[in-house]
Amino acid sequence: MTTTTVVPRRHPKGAGLAPLAGYLARRLLSAAVVVAIVSMLVFAFVHAAPGGPERSIGGRFATAEQLVAIREQYRLNDPLWTQYGQFVSSALGLDFGTSYSMREPVTDSISRAASTTVPLVLFGWLAALLIGTALGVVSARHAGGAFDRGVLGFTVVGASAPIFATAILLSYVFGVALGWLPTLGEGDGGMDRIRHLVLPGVTLAIAAMAAITKVTKVRVGQVLEADHITFATARGLPPRGVLVSEVLRNSGVQLVTQAGAVLVAMLSAVILVEEVFDLDGLGSLLIQAITARDIPLIQAITLFTCIFIVAVNLVVDLVCMAIDPRLRIGRGGVTR
Amino acid sequence: MSTSLTLTGWRTRRPRRRPGIPVGVLIAAVLLLVPIVCVLFPSLGPGNATRIVASDALLTPSAEHWLGTDSLGRDVFARMVHGASSALLGPLLLASVTVAISTVLALIAGYYRGWADGVISRFVDVLYSVPPLVVAVVLVGVLGGGFWLGVAVLTVFNLPHNVRVLRAAVEEQAQLPYIEAAKTLGTKSIRILWRHLVPVISPLIVASFFLRFTYGIVDLSALSFLGLGVPPGSTDWGRMLAENRVTMLQNFWATAAPGLALIVMAVSANIVGDWLYNRYEAAGRAR
Amino acid sequence: MTSLDTTESAVLDVAALSIRGRRAGAEVGIVDNVALRVASGEAIAVVGESGSGKSLTVRALLDLLPPGVTAAGSIRFDHRSLGKLTARERHRLRGCQLAFVMQDPFTMLNPLQRCGEQIMAALRARDRRLTRKLCRAQAVARLEEVGISDPAVADRYPFELSGGMRQRVAIAAAIAERPRVLVADEPTTALDVTTQREILSLLDRLRRDHGLSLVLITHDLDVAFSVCDRVYVMYAGTVVESGPTAAVADRPRHPYTFSLIQAKPPLDVRVDRLLNLPGGVPSPGNWPEGCRFAPRCRWATDECTHEHPALNDVAPAHQVRCVRAGEIEHELVPRAAPTVIGSDRLARADETEALVHVRAARKTFGTGRRAKVAVESADIDVFAGESVGLVGESGSGKTTLARMIVGLTRPTSGEVRVGGVDLGQGKLSRADWSMVRSTAQMAFQDPYSTLNLRLSVGDTLNEAIRLAPKDTVRRDPAELLDLVGLPTSYQQRRPTQLSGGERQRVAIARALARNPRLIVCDEIVSALDVSVQAHVLNLLADLRRDLGLSYLFITHDLAVVRQVTERVYVLMDGRIVEQGSTPAVLDDPRDSYTKQLIRSVPAHHRRDGLVDRSRRTP
């Protein structure tokens, strides 16, 4: 039997759009469930704080009468479920009430703080992505060389040194010793503001970059050893084409996943960096709210953080599925 | 007519593999021993960690005060030595408990599979992408539970990563013929776990211990730095860093010492952990 | 086309090629003074066991050596010396003139790119004017060339295709730019035997249709003989024999070539004993003085160990690297009179007790819509003292069936009786399990993961010995090692210090520790080199004679089945399609699938022709 014609054994339905939409719907639903559960936890645990919420509001020296008045004013005598319902319905309208400590609507405080934090995080993240990926690719390609060892040293230190310690050292070196850049506050807008955000941004970027470089180097190193790279080279494909369509594409899932993880990890880092550089961002706002036992503010920030994490994970998953068709299988209801 | 041909493809150099322990790892391991010495000899050096001498405030390093004094005139070197125990204890506890629990969970999930695996994997998936420090900041800040609540919260939120890494290793090994052969011979599953699986993944367990230790140092000192967990004035390195920072221009070393100590500890533990981890991976590829 | 006398016609001419690499910090030779020539439209084979240096040799031709490995020598392509070309020019040569296909179709293609795009990638890179639409049309045409008539394959990702299909796509991609030479490194080793035949005949057809020269790297002499005009046999970095296929196959002149042919189990007859070739291929850096094969050679004399022999002509175009080639010529006669074992040695199945009794066994994986049937209504018996084969290709369910018999998987339904205990019935008592385990033990395919690397050989054996029932003979590790022909001193060794064949022996010894009556052998020789395979097969025959063991032999290799079994079951897609006594099934197959399997064995190609020429495409 000569085989001049062969029909493929399996004909999976490919990756149609309809099952994908179903998957997306399921993911959104489960994301909503997670956010709902977290909102309950957030709501519940502030009520579990020592002395209850009225103590938090009234402060340590409030009298019994004052506490009763607070309970009345904030409807703390209603059943917990009613209070939670109230909380949810206003939260859906982006109304988190009034901050005890800032004496203004919670959303106002948050949006003001976000105007500092968002550019800072975005700058740090994008810089880390671009430079970290580049460093990772080059050091994987020259594995074992001087450049690779230098990068390795940088990633080990950058990824594990406590960020507040590096932040203080950087601010001492560039702010105090060299006097190149301001180290405190966010400046008066325009260029001054940018100058003030350079050091915090760089500090954030260094840690993130280390994490991205490390994963890129490992994954690209694995891909470079794969047969399909040898096969592509053996077919005379141009090196740049091999880099883009073979190496980077096949590292894509890991890189995107790590980029998402780094973005989430920057939530912790930004608290510390804002503390060191005395910036009025979301991190400082959270610390302030905690110190002041400002319950509405704590609830709002935690809830936003949770939504942010869930959203990042969802986007990461979708991007990974767009990169790798194998991930669409099973999730879109298609089996091999 | 002889001619030399070398690869013109992508990777240009082969990773050097040297036998033995690299110098960097050795140095890191030795540095990790320094705080242990401090714990064993708490009265190292000439100063006093807690005596407040207002007249001696903010002295620069001298023979009497090796790292100078802080704003209250306390000896920084003595405080560093004194703080070593708190710097070690929290991360050690966090790393040990995390590794112990996650090893058990990973063995159950990766070897026995079934519904237990489903429950454990679900737990891991839900908590996986939560940044531990943020949760610890909020919980410790609101509940005011102090240092030990911080350790507990960070332990719980460090579990998912560790379980995922170890579970993957257990699952990979459990499918290999040597385990199937042990099953076919009738070896009891406890013995398969203890005699076969745990020894094979033990380098990974040790590596994960060092990595968790690193995160312990970083996150616990961050809590202290933010003023959560430890009371003001304690000799915790993170706390010292926060308190001495404002006087950095007067005595640089009062700030630099705890900062550098934290960096050196975290980086050293990470170097050792990374090295062990890479060695385990390389051994897997070489089989 | 079979002989090549003038350099003029050589499209690829390699001379004095040496390859060096680093091993444990020291530089060692890997390939030494190799010369190869390929004429336009000719097919040559480079044959050797692992460690012979054959793969690195062809990678040097393509300038694809791994990092840290360097080559020196002369490589001329179409009269141009590769050494005089710049790296860029050499890169351009690849794909355009010299193409390369690798072993594993599952890893060779970019998993994230559609097949059509991969086939056209090189062409698109050179010609930007090619539109997407034009590309797809061309890709479909290229697929047609490699025997894929379904245009939809161009839009599929590699993971959606079977191994054979992937290998076809890879070949289409490799020859997209109409190269003149195709280098194929073990292109069929990872494939099932029926697919192997299809790919080999495809390569043969491409060679004839496009005037393509073929360099085939293989460990399998039969594959080489079935497609190639000339054969180079490599051993420990050198070519030890080269010549026209017919000459090398019928009158091998080097003892190594002869041993390889003798060690390979024949498909058509059962021999008493396969040739036992002692030792293994020396690794680079450990090459002996003089002739590198001398320590393993039956004909070696003192002069062999003095100096490295030269490659000498023994016949027109037939060269041998052996100083005694002339003297021993008459002794190297392949298998003149094979000892065929009569049926008197076969166990009379119906009179003995059934160790394994499987009825209507069914196994599915997964549930609901996604359930996949692995084994369907299987009936199998293995009687005491009997050796039974279970033959099938990948996905036939043979391994699942084997795992059911040793209790590693439980059947979904049906009866799986082992030593009288039905593994299909819910919960088993401790005594039941003990019965199953004392009846059947298993040996596994992959020699590199069959042993726990953290345990010494002695510890591994002791782990098994302590599980033997109290009332049976307890053997000690030394005795077990002796049974499988390994020295007692091996107890202290770690698995990493053992060769693949030695690990398999230890694995067999471990199975023997429980004194089983049956050993289920799951492809235990398929990952081993031919000479090592012969060792293990001989060992199994000895153990059977000495201990009265039974075997259930799972394999894809019909020649192995012929040597070690009396009865055979043929599986396809989870069902038994044919069964009977081994000679009857192999000599007179009834089922069409069995017939196809037997026809696909490479040893048959040379005799019957690889391609049915009358149906060749023009």
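Treat the numbers as computed from the prediction; the structure is a model and nothing was measured.

Q: Which residues make up the pattern of salt bridges, and what values do they have?
A: Between side chains of opposite charge, pairing is possible as soon as their charged atoms come close. In this structure the tally under the stated criterion is 47 salt bridges over all chains. Ionic pairing is found between Asp324 of chain A and Arg326 of chain A, a salt bridge with its closest N-O pair at 3.1 Å. Between Glu27 of chain C and Arg20 of chain C there is a salt bridge, and its shortest N-O distance comes to 2.9 Å. Residue Arg20 of chain C is classed as partly exposed on the basis of its relative accessible area of 38%.

Q: Describe in detail the confidence of the model for chain A, supporting the description with residues and values.
A: All names here are of chain A. A residue-level look at chain A finds 88% of positions with pLDDT of 70 or above and a mean pLDDT of 84. Across residues 1-15 the pLDDT falls below 50, and counting only partners more than four positions away or on other chains, this stretch makes 37 contacts in the model. Contacts of residues 332-336 to residues separated by more than four positions or lying in other chains number 13 contacts, the stretch itself having pLDDT below 50.

Q: Explain the interface of chain B and chain C residue by residue, including any values.
A: Listed as interface residues are 30 residues of chain B and, on the opposing side, 43 residues of chain C. Around 3,300 Å² of area is buried between chain B and chain C when both sides are counted, 57% of it from carbon and sulfur atoms. Counting across the interface, chain B meets chain C through three salt bridges. Here Glu463 of chain C makes a salt bridge to Arg191 of chain B, at a shortest N to O gap of 2.5 Å. For the side of chain B that touches chain C, the per-class residue count stands at 11 nonpolar, 10 polar and nine charged.

Q: Give me the lowdown on the interface of chain B and chain A, citing residues and values where you can.
A: In this assembly, 41 residues from chain B lie in contact with 47 residues from chain A. Contact between chain B and chain A buries roughly 4,100 Å² in total, counting both sides, with carbon and sulfur atoms accounting for 73%. Across the pair Lys214 of chain A and Asp274 of chain B runs a salt bridge, and its minimum N-O distance is 3.1 Å. The interface formed by chain B and chain A includes five residue pairs in polar contact (both at pLDDT 80 or more). For the side of chain B that touches chain A, the secondary-structure elements that each account for two or more residues are helix 4 (132-143), helix 7 (189-225) and helix 9 (252-286) of chain B. Per-element accounting of the side of chain B that touches chain A gives the leading share, 11 residues, to helix 9 of chain B.

Q: I'd love a proper account of the sheet that holds strand 11 (residues 312-315) of chain C, names of residues and values included.
A: All names here are of chain C. Pairing is mixed across the open sheet formed by eight strands, whose spatial order is 6-7-8-3-9-10-12-11. Taken across any chain shown, the strands that pair with only one partner, and hence form the sheet edges, are strand 6 (98-101) and strand 11. This sheet shows a mean twist of 20° between the axes of neighbouring strands, independent of strand direction. Alignment of strand 9 (residues 230-235) against strand 10 (residues 238-244), held across six bridges, turns out to be antiparallel. Residue pairing across strands places Tyr235 opposite Thr238, the latter belonging to strand 10. Across the sheet, helix 6 (residues 163-174) touches strand 6 and strand 7 (181-185), and the angle it forms with strand 6 is around 165°.

Q: Hey, could you go over the domain arrangement of chain C for me, with residue numbers and the actual values?
A: All names here are of chain C. Here chain C is described as being made up of domain 1 (106-178), domain 2 (258-331) and domain 3 (348-587). Measuring from the centre of the C-alpha atoms in domain 2 to the corresponding centre in domain 3 gives 34 Å. Listed as interface residues are 18 residues of domain 2 and, on the opposing side, 18 residues of domain 3. Taking both partners together, domain 2 and domain 3 bury about 1,400 Å²; carbon and sulfur atoms supply 50% of that area. The largest contributions to the domain 2 side of the interface with domain 3 come from Pro265, Leu267 and Arg270, which together make up 38% of the buried area. Residue Asp542 pairs with Arg273 through a salt bridge whose shortest N-O separation is 3.1 Å. Where domain 2 meets domain 3, there are 12 residue pairs in polar contact (both at pLDDT 80 or more). Per-class residue counts for the side of domain 2 that touches domain 3 are 11 nonpolar, two polar and five charged.

Q: Residue-level account of a nonpolar patch on the surface, with values.
A: Together, Leu33, Ile36, Val37, Leu40, Phe41 and Leu44 of chain B make up an exposed nonpolar region whose accessible area comes to about 540 Å². Tracing the backbone shows Leu44 of chain B in the loop between helix 1 (23-40) and helix 2 (76-112).

Conventions and cut-offs
Residues numbered from 1 in each chain as written. Chains lettered and ligands numbered in written order. Predicted model: local features only at pLDDT ≥ 70, side-chain atom pairs only at ≥ 80, totals over all residues. Heavy atoms only, no water. Salt bridge = Lys/Arg side-chain N within 4 Å of Asp/Glu carboxyl O. Buried < 20%, exposed > 50% of the residue type's maximum accessible area, 1.4 Å probe, protein only. pLDDT = per-residue confidence, 0-100. Contact = heavy atoms within 4.5 Å. Buried area = accessible area lost by both parts, 1.4 Å probe. Nonpolar A, V, L, I, M, F, W, Y, C, P; charged D, E, K, R; others polar. Polar contact = N/O pair within 3.5 Å; in protein donor to acceptor, adjacent residues only side chain to side chain. Helix = DSSP H or I, 4+ residues; strand = E, 2+ residues; numbered from the N terminus. Pairing = 2+ DSSP bridges. Axes fitted to C-alpha atoms, helices over the stretch in contact; angles between N-to-C directions. Domains from an automatic or database assignment. Patch = residues over 30% accessible without salt bridge, like charges linked within 9 Å, V, L, I, M, F, W, Y side chains within 5 Å. Areas by Shrake-Rupley, 256 points an atom, 1.4 Å probe, with all protein chains shown as cover.

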